[in-house]
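Residue-level listing of the chains:
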Amino acid sequence: MSTRLSALAAAVALLTAVAVPAASAVPNTPGAPGAPSAQSAPSAQSAPSAQSTPAVNLATNPGFEVPAPNLADWGSIPGWTCTGGPAEAAVTTTAPHAGTSALTVTPATADSSGECAQTVAVQPDTTYTASAWVRGDFVHLGATGTGRDLPPAWTESTGGGWQRLTTRFTTGPKARSIRLYVHGWYQQGPFSVDDVRVDGPAPAPAVAASSIPTTDKVVFLTVDDGWQRSPEAERFIADHRLPITTFPLPMPAGTDPSFFKRVTAVPGSSVQDHSVSHSDLSKLPLDQQQVEICDARDTMTRLFGTAPVVFRPPFFAWNADTLQAAANCGIRTVLTADADFSWGAGNIWHPGLLQPGDVIIMHWSDTVAADLQRALVAADAAGLKPAGLVDYLR
């Protein structure tokens, strides 16, 4: 305990020396700024510059009001990753700052600060303001990965009420995402968080596509879901050196990540984003779509080491909110397909043979090895070869 308190005292001295942004103390009153509505997001056709775009809240599930998607990890907090999981962090309806819910974290061990964090897509060389309403002792709010050192905002105590912490940062020239975090301090008891904000320019909406513009004689093989993992397909992919872009759901990907690593071992292959629950996103509001896409992104990044840049909407169902939600998660392309070779099919949704840049969809199933073979035959008949999708999106 004394070691922790000594460390805290040293941290306090250091933060004071570097002029930490002061935590703005605000009376315990309701009505914290809320997340913008879907209507305030730019349309799918617009791509405004950072300078002309009004600031919006880029945080995912900022008020802890979004319900957990189907197939989410038990006890998960949508949009957030907490170090102690459900043993430490939970959404509570007890005395939130605003709305109906808040996050309450009780560090479970002497070695835990009860940190909860999320990845937020940002633009380089751009200024953002992060804030959160907190309650408790020694609560911290900060961001890493900004490209420049950033001390956290913190408060020694909120006196039992709610207090707003605020910090401002400017991203570096290579920053594309930051890690936003909140945490308490070792053995200092529970704390609560509500109404988190990361205010800055909204990214331009992702681009919707069913094919990749190219004159190269190539097609792109994509395989979705992942519930049935076929050894025959794995051998076929390896034997033919096929670059595969796969869009697994988090649950099968987490169940057998080594399979997806093996089938994407050919250069040009990658693992991309297919949502958490395989729901029709066009029926969900923007904030829930953002949870579906961002949480799946986080799982794929954790399992495979690379953040997805492509999103495949389940059922090919998407709307303008999907494009903005995807962009808010760092996704550049919302990709459907223009040919379907799943489960013995051979549908090409344009006249004639396959064409350069066509995207072929298949699914991990008991027929996928045969589906891949038929796709190769169709590509060969058109004088085309499979290529790596991500290589053509750079």
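The structure under discussion appears in the preceding block.
Residues numbered from 1 in each chain as written. Predicted model: local features only at pLDDT ≥ 70, side-chain atom pairs only at ≥ 80, totals over all residues. Heavy atoms only, no water.

Caption draft 1: Structural context of the pairing of strand β7 (residues 137–144). In terms of burial, β7 is a largely internal element, six of the eight residues being buried. With four bridges connecting them, β7 and strand β8 (residues 153–157) associate as antiparallel partners. In the sheet register, Asp137 faces β8, and the bridge partner there is Ser157. Strand direction decides the pairing type here: β7 and strand β10 (residues 177–183), joined by five bridges, are antiparallel. If you follow Thr144 over to β10, its bridge partner there is Arg179. (Buried < 20%, exposed > 50% of the residue type's maximum accessible area, 1.4 Å probe, protein only. Helix = DSSP H or I, 4+ residues; strand = E, 2+ residues; numbered from the N terminus. Pairing = 2+ DSSP bridges.)

Caption draft 2: How the structure looks around a nonpolar patch on the surface. A grouping of Leu71, Trp227 and Met251 is seen on the molecular surface, where their side chains present a nonpolar patch of about 280 Å² in accessible area. Examined against the element boundaries, Leu71 turns out to sit in the loop between β1 (55–57) and β2 (81–82). What makes Leu71 partly exposed here is its relative accessible area of 38%. (Patch = residues over 30% accessible without salt bridge, like charges linked within 9 Å, V, L, I, M, F, W, Y side chains within 5 Å. Areas by Shrake-Rupley, 256 points an atom, 1.4 Å probe, with all protein chains shown as cover. Salt bridge = Lys/Arg side-chain N within 4 Å of Asp/Glu carboxyl O.)

Caption draft 3: The arrangement of the packing of aromatic side chains in detail. Throughout the structure, instances matching the rule amount to nine aromatic pairs. Aromatic side chains Phe260 and Trp364 sit 6.3 Å apart centroid to centroid with 80° between the ring planes, which places their arrangement in the edge-to-face category. A residue pair is termed long-range when its members are at least 10 positions apart, and Phe260 in helix α4 (residues 257–263) and Trp364 in the loop between β20 (359–363) and α7 (368–381) qualify at 104 residues. You'll find Phe260 and Trp364 in the same group, each marked buried. Here the aromatic cluster, defined as three or more aromatic residues joined through ring pairs, consists of Phe259, Phe260 and Trp364. Cation over ring: Arg312 sits above Phe247, and NZ or CZ is 4.6 Å from the ring centre. (Phe/Tyr/Trp six-rings, centres within 6.5 Å; stacked < 30°, edge-to-face > 60°. Lys NZ or Arg CZ within 6 Å of the ring centre and 35° of its normal.)

Caption draft 4: Local environment of the side chain of Ser275. For Ser275, the position within the fold is in the loop between β15 (270–271) and α5 (286–304). On the basis of relative accessibility, which here comes to 0%, the residue Ser275 falls in the buried class. For Ser275, the residues in contact, after removing those within four places along its chain, are Leu249, Pro250, Glu292, Ala296, Phe311 and Pro314. (Contact = heavy atoms within 4.5 Å.)

Caption draft 5: Up close: the pattern of salt bridges. Inspection of every chain in the model, using the stated rule, returns nine salt bridges. In this structure, Arg197 engages Asp199 in a salt bridge whose closest nitrogen and oxygen atoms are separated by 2.8 Å. Like Asp199, Arg197 is buried. A salt bridge links Arg262 to Glu234, with the shortest nitrogen-to-oxygen separation between them at 2.6 Å. Of this pair, Arg262 sits in helix α4 while Glu234 sits in helix α2 (residues 231–240), and the two are 28 residues apart along the sequence. The partly exposed category is assigned to Arg262, whose relative accessible area is 43%.

Caption draft 6: View of α2. Along α2, the positions that sit buried rather than exposed are Ala233, Phe236 and Ile237. Considered in projection along α2, the buried side chains sweep an arc of 100° and stay on one side of the axis. Of the surrounding secondary structure, the elements contacted by the buried residues of α2 are β14 (244–248), α4 and α7. Of the residues flanking the end of α2, it is Arg241, one or two places downstream, whose phi is positive at about 50°. (Arc of directions from axis to C-beta.)

Caption draft 7: Region of interest: the state of the cysteines. A full pass over the atoms with the stated rule returns two disulfides. Between the sulfur atoms of Cys82 and its disulfide partner Cys116 the distance amounts to 2.1 Å. Between Cys82 and Cys116 the sulfur-sulfur dihedral comes to about 110°; the bridge is accordingly right-handed. Of this pair, Cys82 sits in strand β2 while Cys116 sits in strand β5 (residues 116–121), and the two are 34 residues apart along the sequence. Between the sulfur atoms of Cys294 and its disulfide mate Cys329 the distance is 1.9 Å. As the torsion about the S-S bond is roughly -105°, the Cys294-Cys329 disulfide counts as left-handed. With a gap of 35 residues between them, Cys294 in helix α5 and Cys329 in the loop between α6 (320–328) and β17 (333–335) connect regions that are remote in the sequence. Residue Cys294 is classed as buried on the basis of its relative accessible area, which comes to 1%. For Cys329, a relative accessible area of 3% puts it in the buried group. (Disulfide = S-S within 2.5 Å.)

It is worth stressing that arrangement in space is one thing and function is another; only the former is reported here.
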